[in-house]
Amino acid sequence: MIGILERHSLLNRPYQMPRAPSGHLDPEPKPRCPYCLENFSPEILKTSKESFCPLCRHKVVFTLLSAPVHRFNRRQQWDYLANELGYILEWGRRDLDIYLFSQGEFYNPDYRGAKDRFVERCYAAQAVLRLREEFLEAEGELDHLIEGYLRKEKKVDGGLGAELLKGRTWRDKAKLLSAEEAPPRRITEFQLEMLSDLDCAVFGGLEEQKRAIRYLKARLEELDQS
Ligand SMILES: [Zn+2]
């Protein structure tokens, strides 16, 4: 069962992002996660290994650190969304792992349906990523173009297009706050709202998600006292 998932999973053949040479990051503005606006520590940026945002768990993509999210050019917007697709697949895979771990595939009637949706999502994401140049040249906002393509061209996408659009709420808020240079308190409130809305599989389970939320609540209290 797991073997089937591994063969189809994009996680084993991740979309390869071009990496900026280390030491050439633009010092202004301070690099931060373009999804949740968390400032990245130097440790995260210096590591040679793949790293993830400590808050929202999106993969750190170096091509997305040279400009604030509201100023992304079209290629950066593509990388932003391609990384989001990988993120959706990653938590889908973890969701299956949680099913298996907690109940076993034979005891959970939802497992087979969830596994089929996951495999469909992997195929749909691969189809989208293969059309990078066409999407870049097409007119219109990339996430709408991708969602429209998935809806029209694919009979099934496992809900990938809908998930991508659902994330648009948070991407738009991040862009707005970034453009406004919002103060720390508003950014923390946004992070709290965003993390509460994410699927707990993003964090590897409900307890981990609760821990992240407690951490942000404590940060808000600290900001109120300072
Ligand atoms: Zn983040």
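Read on for an overview of the structure.

The rules we used
Residues numbered from 1 in each chain as written. Predicted model: local features only at pLDDT ≥ 70, side-chain atom pairs only at ≥ 80, totals over all residues. Heavy atoms only, no water. Donors = N, O, S within 2.8 Å, 3.2 Å for Na, K, Ca; no water. Buried < 20%, exposed > 50% of the residue type's maximum accessible area, 1.4 Å probe, protein only. Helix = DSSP H or I, 4+ residues; strand = E, 2+ residues; numbered from the N terminus. Expected span 1.5 Å × (residues − 1). Arc of directions from axis to C-beta. Core = buried A, V, L, I, M, F, W, Y, C linked by side-chain atoms within 4.5 Å. Contact = heavy atoms within 4.5 Å. Salt bridge = Lys/Arg side-chain N within 4 Å of Asp/Glu carboxyl O. Axes fitted to C-alpha atoms, helices over the stretch in contact; angles between N-to-C directions. Parallel < 35°, antiparallel > 145°, perpendicular 65-115°, else oblique. Left-handed = near helix turned anticlockwise from the far one by under 90°. Nonpolar A, V, L, I, M, F, W, Y, C, P; charged D, E, K, R; others polar. Phe/Tyr/Trp six-rings, centres within 6.5 Å; stacked < 30°, edge-to-face > 60°.

### Considering the coordination of the zinc ion
In ideal tetrahedral geometry, four donors around a metal make angles of 109.5 degrees, whereas ideal octahedral geometry with six donors gives angles of 90 or 180 degrees. For the zinc ion, every protein donor is listed as Cys33 (SG), Cys36 (SG), Cys53 (SG) and Cys56 (SG), and the spread of their distances is 2.2 to 2.3 Å. Read N to C, the donor residues that coordinate the zinc ion are spaced as C-x2-C-x16-C-x2-C. Looking at cysteine 56, the relative accessible area reads 0%, which means it is buried.

### A word on helix H10 (residues 206–225)
For H10, spanning 20 residues, the distance from its first C-alpha to its last is 29 Å, which sits close to the expected 28 Å at 1.5 Å a residue. Turning to H10, its buried residues number three or more, namely Gln209, Ala212, Ile213, Leu216, Arg219 and Leu220. Take H10 and look down its axis: the buried residues cluster within an arc of 115°, on one side only. Exposed positions of H10 whose direction lies more than 90 degrees from the buried face are Glu207, Glu221, Glu222 and Gln225.

### A look at the nonpolar core
Counting 62 residues, the largest nonpolar core has Phe40, Cys56, Trp78, Val128, Ile146, Leu160 and Leu195 as the members making the most contacts within it. When residues of this core are assigned to their parent elements, the largest contribution, 10 residues, is made by helix H3 (residues 74–103). Discounting chain neighbours no more than four positions away, the residues touching leucine 195 are Leu55, Cys56, Phe203, Gln209, Ala212, Ile213 and Leu216.

### Structural notes on helix H8 (residues 168–180)
Its 13 residues place the ends of H8 18 Å apart at the C-alpha level, agreeing with the 18 Å of an ideal helix rising 1.5 Å per residue. Within the sequence span of H8, burial applies to Arg168, Trp170, Arg171, Ala174, Leu177 and Ser178. Glutamate 181 sits one or two residues past H8 and shows a positive phi near 50°.

### Regarding the environment of leucine 176
On the secondary structure map, leucine 176 appears in helix H8. By relative accessible area, which is 53% here, leucine 176 ends up exposed.

### Observations regarding the pattern of salt bridges
Inspection of every chain in the model, using the stated rule, returns 19 salt bridges. Of the charged contacts, one joins arginine 93 and glutamate 90 as a salt bridge, the two residues approaching to 3.1 Å between their closest N and O atoms. Here the residue arginine 93 and the residue glutamate 90 both occupy positions in helix H3, the gap between them amounting to three residues, near one helical turn. You can call arginine 93 partly exposed: its relative accessible area is 26%. The class of glutamate 90 is buried, set by a relative accessible area of 17%. Put simply, glutamate 163 and arginine 121 hold a salt bridge, and the shortest N to O gap is 3.9 Å. Placement of the pair is glutamate 163 in helix H7 (residues 160–166) and arginine 121 in helix H4 (residues 109–130), with a sequence separation of 42 residues. Judged by its relative accessible area of 11%, arginine 121 falls in the buried class. Three or more residues are tied together by salt bridges with common partners; here these are Glu84, Glu141, Asp143, Arg168, Arg171 and Asp172.

### Describing unusual backbone geometry
The phi dihedral of leucine 37 falls on the positive side, at around 65°, and the residue is not glycine. Mapped onto the elements, leucine 37 comes out in the loop between helix H1 (2–8) and helix H2 (42–46). Unlike most non-glycine residues, arginine 57 shows phi in positive territory, near 70°. Mapped onto the secondary structure, arginine 57 falls in the loop between H2 and H3. Here arginine 57 falls in the partly exposed class, since its relative accessible area comes to 24%.

### Focus on the packing of helix H9 (residues 184–197) against H10
Axis separation between H9 and H10 bottoms out at 10 Å; the angle between their running directions is 165°. As the angle between them shows, H9 and H10 are arranged roughly antiparallel. Once H9 is placed against H10, the crossing between them reads as left-handed. Listed contacts from H10 to Pro184, Arg185, Thr188, Glu189, Gln191, Leu192, Leu195 and Ser196 of H9 are Gln209, Ala212, Ile213, Leu216, Lys217, Arg219, Leu220, Leu223 and Asp224. Of the residues assigned to the contact of H9 with H10, the class counts are eight nonpolar, four polar and five charged.

### Description of the packing of aromatic side chains
Under the counting rule described, the total for this entry stands at five aromatic pairs. Here the aromatic rings of phenylalanine 72 and tyrosine 80 are separated by 5.4 Å at their centres, their planes lie at 85°, and the arrangement is edge-to-face. Aromatic pair tryptophan 170 and phenylalanine 190: ring centres 6.2 Å apart, planes at 50°, arrangement tilted. Of the two residues, tryptophan 170 sits in helix H8 while phenylalanine 190 sits in helix H9, which places them 20 residues apart along the sequence. Tryptophan 170 gets classed as buried once you look at its relative accessible area, which sits at 10%.

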